Structure formats: structure tokens, C-alpha cells
Amino acid sequence: MSLDEILESPRLMMKLSFPPVMLQLMEEASKPEPDFAVLGKIISMDPALSTTILNLVNSPFYGLSQEISDFKRAAVVLGTRELLNLAVTVTYQKHICTNLKNDDYKVFNDWMLTVWGAISAQLIASRICPDQADKVYLCCLLKDISLFFLRCAAPGELPGNVSKKLITNSYHGQSEDENDIWGMNHGALSQLLLTRWKMNTVDCPSLQHHHELDDIDSFDEPTKALILATKWAEMELGESSGPFNVLQFEVQLQRSLNMDEDAIEQFREVCRTKFQSMLTILGISEGEADAHFYNHSIRSLQSSYFLSLELLTAEGGMDSIAKTIGRHLKLSWDLNSWELSLKSPHTDKYKLYRVAAGEGLEVVAVNIPEKEIPWQRRSKGEDILSRDIPFGNFRFDSQKMRDEDRENLKLYFRFIGQAYEHYCAKQHLIEGRAETLESLPLGIASLDSQGDLIDMNEEMSRLLGGATVSGAKKFSELFRIGLGSGIGASWESFLEDDSKESFSKIICASLRTGGMPRDACLYVSAYKQKRGEDELVTLVMEDIREISESQIQALKQRDFLEGLVDSMRDVVLTVDKRGNINYASSRFSKIFLGRNIFDIATPSDTFTGRWGPEMFEKEKTIVEVLLKRTDTSGRPFEFVINKLAGPGEKSLIVARDLTAIRRLEEKLKRQAVFDGLTDLFNHTQFNSLMAREINRSKRTGRPVGLLFFDLDGFKAVNDTEGHQVGDDVLKGVGEILRNELRSGMDFPCRYGGDEFGVIVTEVRPEALESIGNRIRLRVENKFSGKVTISGGLTVLQEGDTSASMLSRADKATYEAKDLGGNVLVWAK
């Protein structure tokens, strides 16, 4: 089932739609100043909600000296807005947890990530954009609602790489996968769902950017707060949470917020206390206290980090690692009696070390399974882990150690786990390199499943011309840098398509293996291999010296044409005689390949021919269509269809995206009709509408009236408070006119400057005066009397023209000014 079908299914959309209490709370949250009376009434509808909120109010985070037992007192102490945020959070949590009960999925882990994100977003925003802090809190709370919705309504529509246990934890490339599947990322989908669920008051344009940490400097302050909070939550509680990553991010956070070490420590403490208080009241366990890095100070994290860095440069095998750890234990904790097991970098077997009081390091056992390690100490000890992968265990007599020292020791071994994993990876590659590969006249490289270089022999390095000094990791990028030629789109297709086990291609390039560069052809072949749980790619490259000059030129021409097609912004497709797509340019192959062109494209209204395979019988056809990639309504494209010569009855389609052109056309049309500042009809439309409505009135006998006014006090606002405030006044008047008038029957216009005209149809004089005074009072109230209106009223009389009606109303406006303003006068 596609996303379009899900969004159009009332049954599925109802699976996570919000209850009335949540909708009412969100409506109140959108107001500049929430009404406590309304909030109290909403909360009182749910006794369990009332109890939970009061428990949160009295939690350690707020540190109140006296217990609060009623909401009125809580609002005085904490503020109505803070109470409202608590109510929204509790209601949202209850709704999500109720609808996502599933044996193989525990929503509480995702909820912890959501709560930390929302709390930290509010704290960060309170520092960099305090007036937006509450809005940022709500936006961060709801940013992943689309993932919760799909997990509940259609789990199969989630990207394949989304974690089954922690769906809100992002992975590298997730946004691209989501755009390929849905035509948008999950942040944009969350905003779309909120609109579909009638939560139009929640406007969070920053949702679609909340994972864009690399581009954070290009966004406004609220979006920065959302991005930092999202990453912080993932670092502290996500699956990728690792000690190195957490510390590096918190240093970045400290710099982003321009805080010193003590200030950022207090900042973390506030976030941690509120987070733990909320989890406790909601009955959610955060697990073991020492499992989370937020329970440790930055100084403790840094101390363990600097100690663990020694492992990354250790030389001398596993024994040097054990000696380094032993030195740390002696200097930092005064431990001189312990046992340590370490897993081999090459196998799943272990080596056991032992240190007794007054004695040196002893190797007790080598190359033994984990279950057969001959421990003297039977206590469980401290596991050495990285990404939940075991790398060893440490045991000692912990009875005499202080609790604080014990916690710091546990933290130290978490850093040691990640450092030892890096060491094992490096050593395994260095020691596992086969000597025979170095002697072969073949370039050989080992890549991961994404095409990143893991290792290569000297011949491959020679063929690539030293491109590795560039720092690039992608083999395709190294190939381009070293040989001045791309490896081609078929390489990316090979990596992405699980069904393709091998790759081979002859590529002509300029070989720089010493001396002058020479034209050469390389035979490149690659094979996917399973090694344990991992999929690796072995790549072999050979310089083919015997190939003829004519063959080299033919291959060069082929590579040039392939690169030309891939560089085009247009979509290039080939189809068979029935419209089945059998080729798509590489950037669009995942979207279109294997689909039928007549299923995904429909012609525009201007098309008069027959939409079907008959089109391919013509030599050339140009047609405008709506092309559905993954989005709901499709996008406008221009198809240029050419019949291809040769066997197979194929046709070439070059599709040009017209979206930007259509948007520009709509913008120009709107600018021709509406005033850009107030969104009312402009001066030109005023004259056209007046003429049209006067002719209609003369034809039908139905009355038409005109209210013409300008603003009192507007010049003083401009002069004293600035033109930006003056623009806000004009926008406010425009909003009042749109809200107070009948759509399709009354036509509010900005005549020019601070002058406005309102054409009112089918109206009697007394009704026209009532409408005018209602607008006058709304303006007076909105601007507290600093800006009012003086206007003239008139209705169509026999022999009237647009000019005569406007002239009468304009003169009446001057009379209103002479009377002191803030009054409407009937034209004589």
C-alpha cells in the first residue's frame, strides 16, 4: 500500500488521530496567551490527567517548598504556559502508548527519546530564542508523529533501515530513503498529518529540517534549537549512543550555546532532572542509572575519554593493551589485583590476563572460548562492550571501593570498549593482509557494502595514482580523483541492488602510474561476499595493455554518453511499445524502473490526443503531463517522446520538470491581483471590481455599496515606531477585513498607502453602515486606539459610475477626518 492510499484511507488515518482533549489543548497552545479558565476546564475532563499533572508539578524538578494541590495555585507558581506544556505532553504520551501496544515493539524507548528531545529543545530555545521556547517544545514533541503513525497503521511503509525497536532514532541516508519512498521526509510528513488531523494551529516549518545538523548554521534560531535537541536525544538515548559520540556532541553543544564548562554542566543537570521526574510520574523506567551518559559529568566523560585514547595508538598487540589498562587502573584507582579478558582482533577467542598484589602482568590463558575462561574471581565484573558487542571483561575486588569511584570505573570501561573496537578493526586489517596480494599484478581492494574503502594492496594504490591522500572514502570518488574518469552509474546500481552479486566493466582512463600519463583501459570486476554478519565487496582492477586503439575510442565514447545522461537535470527514460520503463537515468532509476509510464503519468487538460501506446507510433510527440513520483498529486512535466531506431520498438522520453515554472506563473498571477503586503485585492483590481459590480447591479437591480477609508494615526506610528511596525498595522487591517466580510460577496481592497476600499454587494444602507462600524471597532480595539479609521459610505445611485461613487466616498472620508476621526460619514 502506497503513502497516497494510506493518506486517503479514513480507517487508517483514524488509527492515530488525536482525541478531543488533545485537539483542545493544542488549540489553546497556539494562542499567544493561553486562557487558564479554558485550560482548567479541559484538564478537569480527565481525572487521571489532573492527577498526573499535579504529580509533575510537585516533582523534584520544580523544587517547590510547599506541595501544590490545585491548578490555580500551580498556574500562579509555574505559569499557565508551563501547565499547558505538561498537559499536552501527558495526553500525547498516553495516546501514543495506548495505540502502539505491540508484543515486538516497546514504545517506551521511543518515548524516552521524544521526552528528552522536547525538554532539551525548550531549554536550548530559552537561551537562543526565548520568545519561541514553548513553540519549539511542542514542535519537538510532535516531530516524529509520522513514524508513530506508520508504525501503527502501516509498518511496511517505513524505510527498511528504520530500527524495529527504536523508530525515532535516525540513520545515515534516512532522509534520502524517505524522499524516494514518500516524496518527502518524515518531518514534512508529520506536518502534513497534523494538518489532516485538523491541528492546523500547529505550524512547525522547522520539522522537515530537524536532522540537518551539518547545515545548522543556515537555519533560524528555533530550527537550530530543534536540530540540536534531536541530536542530543539520539546521542544520550539512541542506538548509536557511544561514549566518544556523546562527548564530541556535548562539546559541540557547549560551543553552539556559547557556554563555559560550569554553565553547560548546570544546563545538563536541569534537563536530566526534568526528564527523570517526568519518566517517574509517567511510570516509565529509565533502566540502570549508570547506563546513560547524562548521569555523568562532562569532566568524568573527558577524563575517561583521554585515558582511552592511548589504546588507539598502542603498538605490540593485545599485551600492550592490557599493560596500558593496568597502568590506568593503578594511577586512577590504585588497583593492583585484578583479572582482564580481551577478545582477539581476528577470532571470537579470548586471552586472559591476571595481576596479583606486588606482581607484574601475567598471561594466564590464550585462544580460549568465552565460556571456558579460567577466572579466579567469580563475580560478574565489568563488561567491555561497544555497540553491545562484547570485547572482554574486567574483574576485581570491589568491596573496598567508594561508590563514586566504582561509577567512574564503569564509565572508563565503556570508553575502553569503543577504543578497543577501533583498535581491533585496525589491527585485524593490518595483520590480516595476505602477502600474496602484494605480489600480484592486480589492484585489489576490500570495500564495505556502501562502497567505502576498507583496505587495498600496493598495486591498487599505484593504479589510483595516490588518490588516497585526498581523504575520500568512497571508492568511486577515489577512482574519479586518481584516474580522471567516473566508474559509472552501473556501479551504484550494483551496490544498491541486493540481487546483483557481481560487477564488471572496461573503463578507459588516463593512467598515472609514474612518468607521463597514458591512455589505458582497465578491467574492473567486483564481487559481493558474506563475512560473518557483514557483506563486503572485493574489487579487482587490471590494466589491459593489449586492447586496440579503435576499441579504446569506442569505449571512451560509451563512457562519455553515459556520463552525459547522468549529469542531466531532466529525467531520461526508455520504454517498450506498451509503456514499460526499462531504463531510467541513474538518479531516478529507483523511482521509475520497472513501472509503466501510463500508470504514473496523466496528460494535462490541454492534451487532445489518445493517451496510450499509440503515441509511440509517431516519430516525435511533445505533451505536458502530471507525473507521479511518490507524492500525492503529482508534478507537472513536459515529455518529449522520440521513436528509437533499431530492434525492440523502443521509445526515448526526456522529461523536464515544470514545477518551478508553474510556481512562478502562479506567483505572477497572484501579484497581478493581490496586494503583496495585506493580501487584499490591489488598486487595479479595485477599479475592475467596481466596474463589474456596478454593471451587475444595474442589470439585476440588486444594490451595491462602497466603504472607503484611511487610517488615523498611521503616520505617527510610522514616524515613531518605524516602517516595519507600520507594515504590521497594514497587515492587521487586512486580516480584519478578510475575517469580517463575506467571502465571494464583499471585496476588500487596498487602494494605496493607508487607504482601503470595500465593495459590498447586495446590501442596504443600514447594513452597510453596520458592517462599516463593525470594522471600525475591530480596528480601534486591535490597536488600542492608537490607529483608527475615518471613512465614507455610499450606495449606487442612478447614473453612477465607478469614478462618481469613489469621489463621493472620498469626500465623505475628508468630512470624517474633520470631525476628529474614528467615525464613518455618509456621502451627500
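For the structure itself, look to the data block above.
Residues numbered from 1 in each chain as written. Predicted model: local features only at pLDDT ≥ 70, side-chain atom pairs only at ≥ 80, totals over all residues. Heavy atoms only, no water.

A count of helical and extended segments in the protein chain gives 31 helices and 21 strands. Taking the principal axes of the C-alpha coordinates as reference, the protein chain spans close to 110 × 85 × 50 Å. The proportion of buried residues among the 828 residues of the protein chain is 48%. Contacts spanning at least 24 positions in sequence make up 57% of the contacts within the protein chain whose residues lie at least 6 apart. Accessible surface, the protein chain as shown: approximately 41,400 Å² in total, 50% of it carbon and sulfur. (Helix = DSSP H or I, 4+ residues; strand = E, 2+ residues; numbered from the N terminus. Buried < 20%, exposed > 50% of the residue type's maximum accessible area, 1.4 Å probe, protein only. Contact = heavy atoms within 4.5 Å. Areas by Shrake-Rupley, 256 points an atom, 1.4 Å probe, with all protein chains shown as cover.)

So, on to the nonpolar core. Counting residues in hydrophobic clusters, the biggest one holds 136 residues, and the most contacted among them are Tyr92, Leu329 and Leu409. Sorting elements by how many residues they give to this core places helix 8 (residues 107-128) first, with 12 residues. Residue contacts for Leu329: discarding those within four places in its chain leaves Asp334, Leu335, Trp338, Phe394, Leu409, Tyr412 and Phe413. Judged by nonpolar contacts, the second largest core, of 27 residues, contains Phe503, Ala520, Leu522 and Val524. (Core = buried A, V, L, I, M, F, W, Y, C linked by side-chain atoms within 4.5 Å.)

Enumeration over the complete set of coordinates arrives at 1 disulfide. Of all cysteine sulfurs in the structure, the one in Cys139 sits closest to Cys129, which takes part in no disulfide; the separation is 11 Å. By relative accessible area, which is 6% here, Cys129 ends up buried. (Disulfide = S-S within 2.5 Å.)

With that settled, the discussion passes to unusual backbone geometry. Despite not being glycine, Asp679 shows a phi value in the positive range, around 65°. Assignment of secondary structure puts Asp679 in the loop between helix 26 (659-673) and helix 27 (683-700). Judged by its relative accessible area of 34%, Asp679 falls in the partly exposed class. Even without being glycine, Glu762 reaches a positive phi, approximately 50°.

Let us now look at the packing of aromatic side chains. Pairs of aromatic rings are described using the distance from one ring centre to the other and the angle between the two planes. A full pass over the atoms with the stated rule returns 25 aromatic pairs. On the numbers, 5.3 Å between centres and 85° between planes, the contact of Phe598 with Trp611 is edge-to-face. Within this pair, whereas Phe598 is found in helix 25 (residues 597-600), its partner Trp611 is found in the loop between strand 13 (601-603) and strand 14 (620-627), the two being separated by 13 residues in sequence. Here Phe598 falls in the buried class, since its relative accessible area comes to 18%. Residue classification places Trp611 among the partly exposed residues on the basis of a relative accessible area of 22%. Residues Phe598 and Phe616 carry aromatic rings whose centres are separated by 5.6 Å and whose planes lie at 40° to one another, so their mutual orientation is tilted. Residue Phe598 is located in helix 25, and its partner Phe616 is located in the loop between strand 13 and strand 14; the two are separated by 18 residues in the primary sequence. (Phe/Tyr/Trp six-rings, centres within 6.5 Å; stacked < 30°, edge-to-face > 60°.)

Here we take up the environment of Ala314. Of note, Ala314 is situated in the loop between helix 16 (298-312) and helix 17 (317-333). Between the C-alpha atom of Ala314 and that of Tyr423, which follows or precedes it by 109 residues, the distance is 8.2 Å. Not counting residues up to four positions away in its chain, the partners in contact with Ala314 are Ser320, Ile321 and Tyr423.

Taken as a whole and assessed by the stated rule, the structure comprises 32 salt bridges. We note a salt bridge from Arg480 to Glu477, for which the minimum N-O separation is 2.5 Å. Of this pair, Arg480 and Glu477 both sit in helix 21 (residues 475-483), 3 residues apart, which is roughly one turn of that helix. The partly exposed category is assigned to Arg480, whose relative accessible area is 42%. A salt bridge links Arg692 to Glu693; the shortest N-O distance between them is 2.9 Å. Arg692 sits in the partly exposed class, given a relative accessible area of 38%. (Salt bridge = Lys/Arg side-chain N within 4 Å of Asp/Glu carboxyl O.)

With that out of the way, let us pick up the packing of helix 15 (residues 261-281) against helix 16. Where helix 15 meets helix 16, the closest approach of the two axes is 10 Å, and the angle between their N-to-C directions is 110°. As far as their axial angle goes, helix 16 and helix 15 are roughly perpendicular. Residues Glu261, Asp262, Ile264, Glu265 and Arg268 of helix 15 lie in contact with helix 16, whose contacting residues are Ile298, Arg299, Leu301 and Gln302. (Axes fitted to C-alpha atoms, helices over the stretch in contact; angles between N-to-C directions. Parallel < 35°, antiparallel > 145°, perpendicular 65-115°, else oblique.)

Another aspect to go through is the pairing of strand 16 (residues 651-657). Where strand 11 (residues 571-575) lies against strand 16, 5 bridges are found, and the strand directions are antiparallel. Counted as the bridge partner of Thr574 is Leu652 from strand 16. Note: strand 15 (residues 635-643) against strand 16, 7 bridges, orientation antiparallel. Each bridged residue has a counterpart across the sheet, and for Phe637 the counterpart in strand 16 is Asp657. (Pairing = 2+ DSSP bridges.)

Moving on, we come to the pairing of strand 4 (residues 382-386). Every second residue of strand 4 is oriented toward a common face, the buried set being Glu382, Ile384 and Ser386 and the non-buried set Asp383 and Leu385. In terms of strand pairing, strand 4 meets strand 5 (residues 389-396) through 5 bridges, oriented antiparallel. Counted as the bridge partner of Ser386 is Ile389 from strand 5. Taking the residues that link successive antiparallel strands as the turn, the strand 4-strand 5 hairpin has 2 residues, and the phi of Arg387 there is positive, at about 55°.

On to the side chain of Arg268. By secondary structure assignment, the location of Arg268 is in helix 15. Look at Arg268 and you get buried, because its relative accessible area is 5%. Each residue touching Arg268, except ones within four places of it in the same chain, is listed here: Trp232, Glu236, Glu250, Phe293, Tyr294, His296, Ser297, Ile298 and Leu301.

With that settled, consider the side chain of Asn393. Residue placement: Asn393 occurs in strand 5. The exposure class assigned to Asn393 is buried, which follows from its relative accessible area of 7%. Beyond its immediate chain neighbours, meaning those up to four positions away, Asn393 contacts Glu339, Leu340, Ser341, Trp375, Lys380, Gly381, Glu382, Asp383 and Ile384.

At a minimum axis separation of 10 Å, helix 5 (residues 47-57) and helix 15 run at an interaxial angle of 150°. Note on packing geometry: the crossing formed by helix 5 with helix 15 is right-handed. Two secondary-structure elements touch here, helix 5 through Thr52, Asn55 and Leu56 and helix 15 through Ser277, Met278 and Ile281. By residue class, the composition of the contact of helix 5 with helix 15 is 3 nonpolar, 3 polar and no charged. (Left-handed = near helix turned anticlockwise from the far one by under 90°. Nonpolar A, V, L, I, M, F, W, Y, C, P; charged D, E, K, R; others polar.)

Taken together, Glu176, Asp180, Glu492 and Glu496 make up a surface patch of like negative charges. Taken together, the elements giving at least two residues each to the negative patch come down to helix 11 (174-182) and helix 22 (489-496). The residue Glu496 is located in helix 22 in this model. (Patch = residues over 30% accessible without salt bridge, like charges linked within 9 Å, V, L, I, M, F, W, Y side chains within 5 Å. Lys, Arg positive; Asp, Glu negative; His and termini not counted. Charge placed at Lys NZ, Arg CZ, Asp CG, Glu CD.)

For the rest of this paragraph, the subject is the sheet that holds strand 5. On the basis of which strands lie adjacent, the open sheet formed by 5 strands has the order 3-2-1-5-4 and antiparallel pairing. For this open sheet the edge positions go to strand 3 (361-368) and strand 4, each flanked by a neighbour on one side alone. Strand after strand, the sheet turns through a mean of 15° between neighbouring axes, direction not considered. Sheet analysis places strand 1 (residues 338-343) next to strand 5, joined by 5 bridges and oriented antiparallel. In the strand pairing of strand 5, Trp338 is matched with Phe396. Contacting strand 1, strand 2 (350-355), strand 3 and strand 5, helix 17 runs over the sheet at an angle of about 145° to strand 1.

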